[in-house]
Amino acid sequence: MSVRLNKHLALLSGLSRRAADSAIADGRVAVNGVQANVGQVISGTETITLDGQLLRAQTLQTILLNKPAGYVVSRNGQGSRTVYDLLPKELHNLKPVGRLDKDSSGLLLLTNDGDLAAQLTHPKYQKIKRYHVTLDHALAPLHRQMIQEYGVQLPDGPSRFTLERLQEGQETAWLVTMHEGRNRQIRRTFSALGYEVVRLCRVQFGNYTLPSNLRVGAYTPV
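What counts and how
- Residues numbered from 1 in each chain as written.
- Predicted model: local features only at pLDDT ≥ 70, side-chain atom pairs only at ≥ 80, totals over all residues.
- Heavy atoms only, no water.
- Helix = DSSP H or I, 4+ residues; strand = E, 2+ residues; numbered from the N terminus.
- Buried < 20%, exposed > 50% of the residue type's maximum accessible area, 1.4 Å probe, protein only.
- Lys, Arg positive; Asp, Glu negative; His and termini not counted.
- Salt bridge = Lys/Arg side-chain N within 4 Å of Asp/Glu carboxyl O.
- Polar contact = N/O pair within 3.5 Å; in protein donor to acceptor, adjacent residues only side chain to side chain.
- Contact = heavy atoms within 4.5 Å.
- Pairing = 2+ DSSP bridges.
- Core = buried A, V, L, I, M, F, W, Y, C linked by side-chain atoms within 4.5 Å.

A word on the side chain of Lys67. Inspection of the secondary structure assignment puts Lys67 in strand β7 (residues 62-67). In this structure Lys67 is buried but unpaired, with Asp101 as the nearest side chain of opposite charge at 6.0 Å. Reaching out from Lys67, the side chain makes a polar contact with the backbone oxygen of Tyr71 at a distance of 2.9 Å. For Lys67, the residues in contact, after removing those within four places along its chain, are Val73, Val83, Leu100, Asp101, Lys102, Ser104, Ser105, Gly106 and Leu108.

The next thing to look at is the sheet that holds strand β2 (residues 29-31). The four strands lie next to each other as β3-β2-β5-β6, forming an open sheet whose pairing is antiparallel. Edge positions in the open sheet fall to β3 (34-35) and β6 (53-54), since each of these has one partner strand only. Relative to β6, strand β5 (residues 48-50) runs antiparallel, the two being bridged by two bridges. Counterpart to Leu50 in the pairing with β6 is Gln53.

Further remarks concern the pattern of salt bridges. For the structure shown, the criterion picks out seven salt bridges. Arg184 is the partner of Asp101 in a salt bridge, and the nearest nitrogen-oxygen pair spans 3.4 Å. Taken as a pair, Asp101 in the loop between β8 (95-97) and β9 (105-111) and Arg184 in the loop between β14 (173-178) and α5 (185-192) lie far apart in primary sequence, 83 residues in all. Note on Arg184: relative accessible area 36%, which makes it partly exposed. Of the charged contacts, one joins Arg182 and Glu180 as a salt bridge, the two residues approaching to 3.2 Å between their closest N and O atoms. Since its relative accessible area comes to 32%, Glu180 is described here as partly exposed.

Here the focus is the nonpolar core. Residues Val133, Ile186 and Phe190 are the most contacted members of the largest nonpolar core, which totals 30 residues. Elements that contribute at least two residues to this core include exactly β7, β9, β10 (129-135), β11 (152-154), β14, α5 and β15 (197-205). If near-sequence neighbours (up to four positions away) are discounted, Ile186 is found in contact with Tyr131, Val133, Phe161, Val176, Met178, Val197 and Leu200. Val3, Leu12, Leu15 and Ile24 belong to the second largest nonpolar core, which has 15 residues in total.

Written as structure tokens, this is what we have:
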């Protein structure tokens, strides 16, 4: 049975297919000791190396972590605790899908499935993201309208998302729903209108929802 090299490389390395194609084009991949070509088809039994390192078949694995605030989504926290401090060493090969800033909490996916990561993060797939957000003071109706209908202008472009009260009559706690996810976008949007986000917790990313019984700092396979 034949298979495209980029797909096989993605399965072996955890790269996305796009990244696998780039690695092949850059001459970093060899098949049975011979430099590979973009679009190459193989049987799947060949010896594959990436940057001179032999790649071995790995089991695809994805986990959902309930990230606590105060942890950095990085391997090097530069003095801060990282999400890898919450995981056993056998899961340290998994890569985060998207980001949550240090002060944010909630749903974080980590995987070695490059295709899944690409599907969840590429802009063309428009994955829904939902967050529970608490503000330092009540959101004015005019500002809610501005965010939802017109967007708030930020240095990197307009920011627009939908808002629903988490509890009737409560004007500081909101469910934010959006399809994009620029760096600290929610915090910067509210800050531009004079609010501070005191709590931000992601509760949904695409088809994945944060389990209500998953304690903070714990993870579960998905």
